[in-house]
Amino acid sequence: VRATVFHGPGDIRIEEVPDPRIEAGTDAIVKVVHAGICGSDLWKYKGSSQFEPGGRIGHEFVGVVMEVGREVTSVRAGDVVAAGFMYSDGTCEFCRHGLTTSCLNGGFWGGKSGDGGQGEAVRVPLADGTLVKVPLDATDPRMAGVLALTDVMSTGYHAARSARVEPGSTVAVIGDGAVGLCGVLAARLLGAERIILASRNEARAAIGRQFGATDVIPGRGEEAVDEIRALTCGLGPHAVLECVGTADSLRTATESVRPGGAVGYVGAPQHADALNNIRSLFSRNITLSGGLAPARTYLPTLLDEVLAGRLDPSPVFDHRVGLAEVPDAYRAMNDRVVLKALVSP
Ligand SMILES: [Zn+2]
């Protein structure tokens, strides 16, 4: 099969790789229908996060089961399925408490020893825990929305849940990437009354408004804090969703939230010392919650919303390509010409 292989910063190639095959009784082989290119793939592309050259890349995919190992009971050949951005057994101490990203037997897709999502087919470990059956035809246009649930939409939802968004909440979202925009959708889904999105990109702000943002502010840093305060009678929002991962965005989030409020942080921290205002959080009783989103736990709930027509995150995919154009799509996302690419191998 053909798959995307990472050769170093700026060097992504499509190559012929060995066909995936069942290695353990708990495996399944999935033919990929759609895969996503993620902002965190770009960190590798830019060279700002470590990734072994020669490793397979991609952790967002939906597809059709081709074959299952003899221990797999929840899916069978022909089933349309989605997976979270990590695999997990669904049975360990952490999975049973919904924290599938800390699964004792789980792990990340891709690298030197595993298959990545950006390819024609993937060996799925721990298939019973990892895969969610999707009651749609593989060609259904809603599959793009389902693909978003595998990472960005679940991550935005984790930010909103962690920030304790509830009906009537005033929410600010820091970050206008796919996760931030999904954070807007999640806030609306949870009943937020007012949603302030920080964005200075017209196209992204437009998607944000379509997703439910009631206000868009152009500021960053101190300016953004002032603008968010000004829009909330000087009090600050109940909940702030931090969807970038820089020191600056975490500071903007924690400084703009109201006393007693909560910040849901889901931007992968790009700086070890991002949180340098702990005294300010202490004095204002700020809750900081979030982290690596347990997408697999949220998938069934969010899938129901998509199937019911109440949730459609698919507009975050503003570019659709085949496998051969994946290297170009990385470049376009890196140049910020494209928000998020959907790959149909
Ligand atoms: Zn587990």
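Residues numbered from 1 in each chain as written. Predicted model: local features only at pLDDT ≥ 70, side-chain atom pairs only at ≥ 80, totals over all residues. Heavy atoms only, no water.

## Some details on the sheet that holds strand S2 (residues 11-16)
With antiparallel pairing, three strands are arranged side by side in an open sheet as S2-S1-S4. Both edges of this open sheet fall to S2 and strand S4 (55-56), since each of them pairs with a single strand only. By the bridge criterion, six bridges tie strand S1 (residues 2-8) to S2 in an arrangement that is antiparallel. Its bridge partner lying in S2, Phe6 is registered against Ile12. Sitting on the sheet, helix H12 (residues 326-334) is in contact with S1 and S2, with an inclination near 160 degrees to S2. (Pairing = 2+ DSSP bridges. Helix = DSSP H or I, 4+ residues; strand = E, 2+ residues; numbered from the N terminus. Contact = heavy atoms within 4.5 Å. Axes fitted to C-alpha atoms, helices over the stretch in contact; angles between N-to-C directions.)

## Observations regarding the nonpolar core
Met153, Val165 and Leu241 are the most contacted members of the largest nonpolar core, which totals 53 residues. Residue contributions to this core peak at eight residues, all from helix H6 (residues 178-189). The contacts of Leu241, once residues within four sequence positions are left out, are Gly156, Ala159, Ala160, Ala163, Val165, Val171, Ala172, Val173, Ile174, Gly183 and Gly264. Val30, Val65, Val321 and Ala341 belong to the second-largest nonpolar core, a separate cluster that totals 34 residues. (Core = buried A, V, L, I, M, F, W, Y, C linked by side-chain atoms within 4.5 Å. Buried < 20%, exposed > 50% of the residue type's maximum accessible area, 1.4 Å probe, protein only.)

## A few points about the coordination of the zinc ion
For the zinc ion, the full set of protein donor atoms is Asp89 (OD), Cys92 (SG), Cys95 (SG) and Cys103 (SG), at a range of 2.1 to 2.3 Å. Given four donor atoms and angles of 92 to 120 degrees at the metal, the environment of the zinc ion is assigned as tetrahedral. Read in sequence order, the donor residues coordinating the zinc ion give the pattern D-x2-C-x2-C-x7-C. Across this residue pair, the class does not change: Asp89 and Cys92 are buried. (Donors = N, O, S within 2.8 Å, 3.2 Å for Na, K, Ca; no water. Tetrahedral: all angles 85-135°; square planar, octahedral: opposite > 155°, others 65-115°.)

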